[in-house]
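# Overview (structure and organization)
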Amino acid sequence: MTNKKFYITTPIYYPSGNPHIGHCYTTVACDSIARYKRMQGYSVMFLTGTDEHGQKIEEKAKEQGVTPQEYVDEIVKNFKKLWSYMDISYDRYIRTTDDYHVEAIQKIFKELYDRGYIYKGEYKGMYCTPCESFWTSSQLDENGCCPECHREVKEASEEAYFFKLSPFADRIEKLLTETDYLQPKSRATELVNNFIKPGLEDLCVSRTSFTWGIPVTFDPKHVVYVWVDALFNYCTALGFQNDAHNDFDEFWPADVHMVAKDIMRFHAIIWPAMLMALDLPLPKHLAVHGWITFNGQKMSKSLGNVVDPFILGERYGSDAIRYHILREMALGADSSFSNEIMINRINSDLANGLGNLVSRTVAMVDKYFGGTIPSERELGDFDDELISCALSLRDKVDEFIDQTQINNALAEIFKVISRANKYIDETEPWILGKNETKKARLASVLYNLLEAIRISTTLLSCFMPKTMPKIWKQIGASDNDISYENATEWGVLPTNVKVCRGEIIFPRIDVEKEIDELNKIIGSNAKEEQADDFTPAPVGEQISIDDFAKSDLRVALVKSCEKVKKSKKLLCLQLDDGMGGRQVVSGIAEWYKPEDLVGKKVIIVANLKPVKLCGVESNGMICAADTPDGAASVIFPDQSLPNGSKIR
Ligand code: MSP
């Protein structure tokens, strides 16, 4: 048993709908790293799970007429089914409704309270007794009265617990700026500028407006804020503050937390602060990736643009899907999902590149040597180049895996595969095969190809675990031949290795036919634009560029957001527009919860005349697109754009 430990986690997923390709990215990426580390000899703990509390779940369950527990139990089954389908080799699965986690969170909340980091405070506002509603002063009508019933309001407050964030601001700023905790670094700068520099406000960590959560033991009408409940999963799953598990001392701190950009603020600011408050060591790395987008939007259930991994997997195999999403996503950037790009990649890399290399090599061993390579050898041109390219691969992949740059690790592996295909063209085995005196040279060429395949597929097996064993069978590799150690050795396959011709590993796909099929199945509206159709469709009255220039469109950051009381449709957003700030009311409450928007950049029309909506003043408009099913989909510009950037 090795004493090298490695602990990697995905976020725990909200089971507020079934999982989609967007959810698969982090899980498949962490799975590949976990497999790689196991291959390197680490004792690995790979954790994933589901984040099952909160108002959204309570509401969804109510809509379906079931209890929240029944609701999550059903969806969690689908998450687990997908993970098994995608060959996710997690070591532990946590559900935040697990008893041990619930009890641990209650202890943790109490501990933070006893240490003085959680305190009971007041959520202050103006209260309208007849409407039983709280209003902020900016929401009141022009007479300072209730915007709904226009009667007098009085100052009032509601109790809530708060977590003190400010004592940790300096340490967190150093963590983000002076260490490589958060990758990529550009994201760290964004967080420091947007959240730490303006001053960290204490975080409200309890709720009394719904009950589907973990009750605060010493004040049970409060439930613990879902993010406190969720973030500590990384510790409770190892046995922190509970007896269900016993691995905390062994595996904490985590080596890698991997998350997408929308939740990095929680992982880069709030999470370290809470760990500091408990004097616990901080995770070593936080790797932040972008979103898988579809037609430029984050893939999500509420936008109806989800791609079903089961449908794709049925058609191309789960390994091809794993490969495609890992290869497409560069750390830090978004990756746009398109059926066409996916199919072309499967064809070029997997069918033409890897599949072709394997089938050509095995077929030639069969044809020229009846399946068994003879032991006479003759070295020749190009051998050294192929061998050194293959033998230097493992170090490069190691480095990229340590930097969670999986796309680059895969690119390196495919360079060796391309090199091997080129070696076939250079050495021309079909000509060697015609000449009896060249049999020893031919044997060397084919053996070298089998070795290059062995090395590249050994490393590739962490990313595509289902298919590589099929290739090993075809090239005659035994279990002992396949190991991390052997990936830097040449001559591991037996001298007289015997191959075994088999099925085509990655059949070539007819792109056009397949896109049609997929569009039918998925009902996708994402028909690729005809390249030769340059005439835009008529879209209404045409305007000049000067007319357009009258609109002042700007990038703004959503600092806070709340529902407009008594309105089902309106959200009230406080924005940092780079020009002193403003309040905007937007009719998007049916599709977005306030927490979906806080911390995001949006595009606003900044020079609209102010209006009052439900009595609340609005200074501008949030830009959103109509979705095919009549919903509004907010346009989120790149988070790194400065507040106030003008859009032209
Ligand atoms: N429950 C919280 C996480 C708590 S961790 C202590 C949560 N859950 S989530 O299900 O909404 O999202 C989980 C992860 O999946 C997040 O990192 C989220 O960004 C990621 N993704 C969801 N859709 C995605 C894409 N379309 N593309 C890439 N990742 C996406 O947040």
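Everything here concerns the structure above.
Residues numbered from 1 in each chain as written. Predicted model: local features only at pLDDT ≥ 70, side-chain atom pairs only at ≥ 80, totals over all residues. Heavy atoms only, no water.

Time to look at the side chain of Thr 10. Here Thr 10 is to be found in the loop between strand S1 (5-9) and helix H1 (21-39). Judged by its relative accessible area of 1%, Thr 10 falls in the buried class. A distance of 2.6 Å separates polar atoms of two side chains, one belonging to Thr 10 and the other to Thr 48. If sequence neighbours within four positions are ignored, Thr 10 has contacts with Thr 26, Thr 27, Cys 30, Phe 46, Leu 47, Thr 48, Tyr 234 and Met 258. (Helix = DSSP H or I, 4+ residues; strand = E, 2+ residues; numbered from the N terminus. Buried < 20%, exposed > 50% of the residue type's maximum accessible area, 1.4 Å probe, protein only. Polar contact = N/O pair within 3.5 Å; in protein donor to acceptor, adjacent residues only side chain to side chain. Contact = heavy atoms within 4.5 Å.)

Moving on to the sheet that holds S1. Read across the sheet, six strands follow the order S3-S2-S1-S11-S12-S7 without closing on themselves; strand pairing throughout is parallel. Taken across any chain shown, the strands that pair with only one partner, and hence form the sheet edges, are strand S3 (92-95) and strand S7 (182-183). Both S1 and strand S2 (residues 43-50) contribute to a ladder of five bridges, which runs parallel. Note on S2: the bridge partner recorded for Ile 8 is Phe 46. (Pairing = 2+ DSSP bridges.)

Turning to the packing of helix H12 (residues 318-328) against helix H16 (residues 406-427), a few remarks are in order. Where H12 contacts H16, the two axes come as close as 7 Å, and the packing angle between them is 110°. One element, H12, and the other, H16, form an angle in the roughly perpendicular class. In contact with Tyr 323, Leu 326 and Arg 327 of H12, H16 contributes Ile 406, Asn 407, Leu 410, Ala 411 and Phe 414. Its residues assigned to classes, the contact of H12 with H16 comprises six nonpolar, one polar and one charged. (Axes fitted to C-alpha atoms, helices over the stretch in contact; angles between N-to-C directions. Parallel < 35°, antiparallel > 145°, perpendicular 65-115°, else oblique. Nonpolar A, V, L, I, M, F, W, Y, C, P; charged D, E, K, R; others polar.)

Our focus in this paragraph is unusual backbone geometry. Peptide bonds are trans in most cases, and residues, glycine excluded, mostly fall at negative phi. Here the bond from Gln 183 into Pro 184 is cis, since omega is 0°, no more than 30 degrees from zero. Locating Pro 184 in the fold gives a position in the loop between S7 and helix H6 (185-196). A cis amide bond links Trp 252 with the next residue in sequence, Pro 253, at an omega value of 5°. You can see Pro 253 is positioned in the loop between helix H9 (248-251) and strand S11 (256-260). Positive phi outside glycine occurs at Asp 279, with the angle close to 55°. With respect to the helices and strands, the residue Asp 279 is situated in the loop between helix H10 (264-277) and strand S12 (285-289). A positive phi angle, near 75°, is found at Phe 382, a position not held by glycine. On the secondary structure map, Phe 382 appears in the loop between helix H13 (339-369) and helix H14 (383-391). Look at Phe 382 and you get partly exposed, because its relative accessible area is 35%.

Counting residues in hydrophobic clusters, the biggest one holds 105 residues, and the most contacted among them are Leu 312, Tyr 316, Met 342, Leu 354, Leu 460, Phe 463 and Met 464. Of all the elements, H13 adds the most residues to this core, at 13 residues. If we ignore the near neighbours within four places in the chain, the residues touching Leu 312 are Ile 21, Val 307, Gly 317, Ile 321, Phe 337, Met 342 and Leu 518. (Core = buried A, V, L, I, M, F, W, Y, C linked by side-chain atoms within 4.5 Å.)

Next up on the list: the site of the ligand. Taken together, 23 residues lie near the ligand, and Ile 12, Asp 51, Ala 260, Asp 262 and Ile 292 sit nearest. One of the backbone N or O atoms of Gly 22 is found 3.3 Å from a nitrogen atom in the ligand. Measuring from an oxygen atom of the ligand, one finds a backbone N or O atom of Ala 260 at 3.0 Å. Relative to its unbound accessible area of 660 Å², the ligand is 95% covered by the protein chains. Secondary structure elements with two or more residues in the shell around the ligand: H1, helix H7 (226-231) and helix H8 (233-236). Sort the elements by how many residues they give to the shell around the ligand and H7 lands first, with three residues. (Near = heavy atom within 4 Å. Areas by Shrake-Rupley, 256 points an atom, 1.4 Å probe, with all protein chains shown as cover.)

It is worth spelling out the sheet that holds strand S15 (residues 335-337) at this point. The three strands lie next to each other as S14-S13-S15, forming an open sheet whose pairing is mixed. Where the open sheet ends on each side, the last strands, each with one partner, are strand S14 (297-298) and S15. Summarising the sheet, strand S13 (residues 292-294) and S14 pair through two bridges and their orientation is antiparallel. Along S14, the bridge assignment pairs Phe 294 with Gln 297.

Now for the environment of Asn 339. Tracing the sequence through the fold places Asn 339 in helix H13. Distance in space between the C-alpha atoms of Asn 339 and Pro 494 is 42 Å, their sequence separation being 155 residues.

Another point: H10. Across its 14 residues, H10 extends 19 Å between first and last C-alpha, which sits within 8% of the 20 Å expected from 1.5 Å per residue. When the local axis directions of H10 are compared, the greatest deviation, roughly 30°, occurs at Ile 270, which is followed within four positions by the proline Pro 272. With its phi angle positive at about 55°, Asp 279 sits one or two positions after the end of H10. (Expected span 1.5 Å × (residues − 1). Bend = angle between axes of the 7 residues up to and from the residue.)

Right, let's talk about the pairing of strand S17 (residues 571-576) for a bit. Where strand S16 (residues 553-563) meets S17, six bridges bridge the pair, whose relative direction is antiparallel. Residue pairing in the sheet places Ser 560 in a bridge with Gln 574 of S17. Two elements, S17 and strand S18 (residues 582-586), share five bridges in a ladder whose sense is antiparallel. Across the sheet, the residue bridging to Cys 572 is Val 585, located in S18. Once S17 ends, the chain turns through five residues before running back antiparallel as S18, passing Gly 578 with a positive phi of about 75°.

Read these as spatial facts, not as claims about activity.
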